[in-house]
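# What the coordinates show
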Amino acid sequence: MDFEDAELYRDITDFARDTPTWVRHTAEIWTEAGLLLFAALFVTTWWRARRSTSRAFAIAALAPLATAVAYLCSELLKSVVTQERPCRAVPGATASLAACPPPGDWSFPSNHATIAGAAALTLALARPTLLWLTAPLALLMAFSRVFVGVHYPHDVAAGLAFGALVAVAAVRLTTRPATRLTEAMRTASAPAFVRWLTGPEESRLPYRR
């Protein structure tokens, strides 16, 4: 099957092969390491939210869970669409920088892009100023999947949009019950570890104007 953006895929992978070695190596590392960076942002956002309102903490706690939901939905969609990877399907394409995933590891949508889109938007829901960081990181991760040759451009574009939509919907639908749960977990009767995990009751939080 020849997709409309197969030529764009060839152009990008040809360009990738012509870049300096350090650029290629950086792209290969970033395409996986970017996931670790988003994980670190989840942890730091949770830690900061411990000293914030119950609603803010609930959103911060929901962000990685909603991202996981988006990933699972992406995997389900992959199994329905069963689109072959471009590193095997595009005729005349240069060899991919990253190892081409084995047959049966389908291409559409990109799981990495789905996770990136979901993480970028849910982190921004928890802390809006993070969008200036997470949005470029998500776009860069999505592009890197085409750059290293394992996805079509439409795979990553769909992954970004799909991940953002599913994760934001999941957060919006569960914020209210998660806020009530946080309030319950922050009470003095809760175990000490639980209170450390969620932070103090709102009445004990430092006053912020």
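Just so you know, these numbers come straight off a predicted model, no measurement behind them.

Cut-offs and rules
Residues numbered from 1 in each chain as written. Predicted model: local features only at pLDDT ≥ 70, side-chain atom pairs only at ≥ 80, totals over all residues. Heavy atoms only, no water. Helix = DSSP H or I, 4+ residues; strand = E, 2+ residues; numbered from the N terminus. Buried < 20%, exposed > 50% of the residue type's maximum accessible area, 1.4 Å probe, protein only. Areas by Shrake-Rupley, 256 points an atom, 1.4 Å probe, with all protein chains shown as cover. Axes fitted to C-alpha atoms, helices over the stretch in contact; angles between N-to-C directions. Parallel < 35°, antiparallel > 145°, perpendicular 65-115°, else oblique. Left-handed = near helix turned anticlockwise from the far one by under 90°. Contact = heavy atoms within 4.5 Å. Nonpolar A, V, L, I, M, F, W, Y, C, P; charged D, E, K, R; others polar. Core = buried A, V, L, I, M, F, W, Y, C linked by side-chain atoms within 4.5 Å. Phe/Tyr/Trp six-rings, centres within 6.5 Å; stacked < 30°, edge-to-face > 60°. Salt bridge = Lys/Arg side-chain N within 4 Å of Asp/Glu carboxyl O.

Check the secondary structure of the protein and you find eight helices and zero strands. By the burial criterion, 44% of the 209 residues in the protein qualify as buried. Working note: accessible area of the protein is about 11,000 Å², and carbon and sulfur atoms make up 67% of it.

The contact between helix 2 (residues 21-49) and helix 5 (residues 111-126) brings their axes to 11 Å, and the two run at 20 degrees. What the angle tells us is that helix 2 and helix 5 run roughly parallel. Both helix 2 and helix 5 take part in a crossing whose hand is left-handed. For the pair helix 2 and helix 5, the contacting residues are T31, E32, L35, F38, L41, F42 and T45 in the first and H112, I115, A116, A119, A120, T122, L123 and A126 in the second. Split into classes, the residues belonging to the contact of helix 2 with helix 5 amount to 10 nonpolar, four polar and one charged.

A separate point is unusual backbone geometry. The residue after F108, namely P109, is reached through a cis peptide bond having omega -10 degrees. Positionally, P109 belongs in the loop between helix 4 (86-89) and helix 5. Backbone geometry at T82 places phi at a positive 50 degrees, although glycine is not the residue there. Its location among the elements puts T82 in the loop between helix 3 (54-81) and helix 4. Residue T82 is classed as partly exposed on the basis of its relative accessible area of 37%.

Take the nonpolar core next. Counting residues in hydrophobic clusters, the biggest one holds 23 residues, and the most contacted among them are F38, A116, L123, A138 and L160. Elements with a contribution of two residues or more to this core: helix 1 (6-18), helix 2, helix 5, helix 6 (131-147) and helix 7 (153-185). Setting aside residues no more than four positions away along its own chain, A116 makes contact with F38, A138, M141 and L160. Residues L62, A118, A170 and V171 belong to the second largest nonpolar core, which totals 11 residues.

Let's shift gears to the packing of aromatic side chains. Two descriptors summarise a pair of aromatic rings, namely the distance from one centre to the other and the angle between the planes of the rings. Overall, the coordinates contain four aromatic pairs when judged by the stated rule. Ring centres of F15 and F147 lie 6.3 Å apart, and the angle between their planes is 75 degrees; this geometry places the pair in the edge-to-face category. Here the residue F15 occupies a position in helix 1, and F147 occupies one in helix 6, the gap between them amounting to 132 residues. Residue classification places F147 among the buried positions, given a relative accessible area of 5%. Through successive ring pairs, a cluster of aromatic residues spans F15, F143 and F147.

Note on placement: T198 falls in helix 8 (residues 192-198). For T198, a relative accessible area of 1% translates into the label buried. In the structure, T198 is positioned 13 residues away from M185 in sequence and 7.0 Å away in space, judged by C-alpha atoms.

This paragraph deals with the pattern of salt bridges. Counted by the stated rule, this structure contains four salt bridges. One salt bridge in this structure joins R88 and E84, with 2.7 Å as the shortest N-O distance. By relative accessible area, which is 35% here, R88 ends up partly exposed. Among the residues examined, E84 registers a relative accessible area of 28% and is labelled partly exposed. With its nearest N and O atoms 2.9 Å apart, the salt bridge here joins R85 to D105. With R85 in the loop between helix 3 and helix 4 and D105 in the loop between helix 4 and helix 5, this pair connects stretches of sequence that are 20 residues apart. Under the relative-accessibility criterion, R85 is labelled buried at 4%.

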